[in-house]
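# Inside the fold
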Amino acid sequence: MLIVSVDGGCAGVGGVVDGRIAATSQQYPLKMAALGVDAGVDFATTGKRVSGYTDTGVTLITDKPQTGVDSKDTKFGLANCWG
């Protein structure tokens, strides 16, 4: 059985490092927050409203990559995790 987590926080990446889980899907909440602040500033200064969807990215973190599945290793995951 393959066990993974979804969020990619530092605890999740640590679980991959120590083998408790096989992978984590790393998201980037600091980038989400920064884009939200930028949108608020734009609205306050120009009145421009945000619409649609903004993809802030997601990366599969694993030290056991699978053929055909894009992923990064835990070294990258630890350098880019949050929390």
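Here is a short report on the structure shown in this document. (Residues numbered from 1 in each chain as written. Predicted model: local features only at pLDDT ≥ 70, side-chain atom pairs only at ≥ 80, totals over all residues. Heavy atoms only, no water.)

The subject of this paragraph is the overall build of the protein. Looking only at helices and strands, the protein has 3 helices and 3 strands in total. Beginning at the N terminus, the succession of helices and strands in the protein can be written as β-α-β-α-β-α. Dimensions of the protein along its principal axes, counting C-alpha atoms only, are 50 × 25 × 20 Å. For the protein, the proportion of its 83 residues judged to be buried stands at 24%. (Helix = DSSP H or I, 4+ residues; strand = E, 2+ residues; numbered from the N terminus. Buried < 20%, exposed > 50% of the residue type's maximum accessible area, 1.4 Å probe, protein only.)

For the structure on display, the rule yields 1 salt bridge. Between arginine 20 and aspartate 18 there is a salt bridge; the shortest N-O distance is 2.9 Å. Judged by its relative accessible area of 58%, arginine 20 is exposed. Aspartate 18 gets classed as partly exposed once you look at its relative accessible area, which sits at 48%. (Salt bridge = Lys/Arg side-chain N within 4 Å of Asp/Glu carboxyl O.)

Scanning the entire structure with this criterion turns up 0 aromatic pairs. When the ring centre of phenylalanine 76 is taken as origin, the NZ or CZ atom of lysine 72, which lies over that ring, is 5.5 Å away. (Phe/Tyr/Trp six-rings, centres within 6.5 Å; stacked < 30°, edge-to-face > 60°. Lys NZ or Arg CZ within 6 Å of the ring centre and 35° of its normal.)

Mapped onto the secondary structure, threonine 56 falls in the loop between helix 2 (29-46) and strand 3 (58-61). Along the sequence, threonine 56 and methionine 32 sit 24 residues apart, while their C-alpha atoms lie 6.4 Å from each other. What threonine 56 contacts, discounting residues up to four positions off in sequence, is Tyr28, Lys31, Met32 and Leu35. (Contact = heavy atoms within 4.5 Å.)

What the 3 strands build is an open sheet, ordered 1-2-3; its pairing is mixed. Of all the strands in the sheet, just strand 1 (4-7) and strand 3 have a single pairing partner and so form its edges. Across this sheet, the average inter-strand angle for adjacent strands is 15°, counted without regard to direction. Sheet topology note: the strand 1/strand 2 (residues 23-27) ladder contains 4 bridges and is parallel. Bridge pairing in strand 2 places valine 4 opposite alanine 23. Helix 1 (residues 10-17) contacts strand 1, strand 2 and strand 3 of the sheet and is inclined by roughly 155° relative to strand 2. (Pairing = 2+ DSSP bridges. Axes fitted to C-alpha atoms, helices over the stretch in contact; angles between N-to-C directions.)

A few words now on the pairing of strand 2. When a strand is regular, its side chains alternate between the sheet's two faces. With respect to burial, strand 2 is a largely interior element, 4 of its 5 residues being buried. Handedness of the β-α-β unit built from strand 1, helix 1 and strand 2 comes out right-handed. Bridge count between strand 2 and strand 3: 4 bridges; the pairing is antiparallel. Paired with glutamine 27 across the bridge in strand 3 is valine 58. (Right-handed = clockwise from strand over helix to strand, strands pointing away.)

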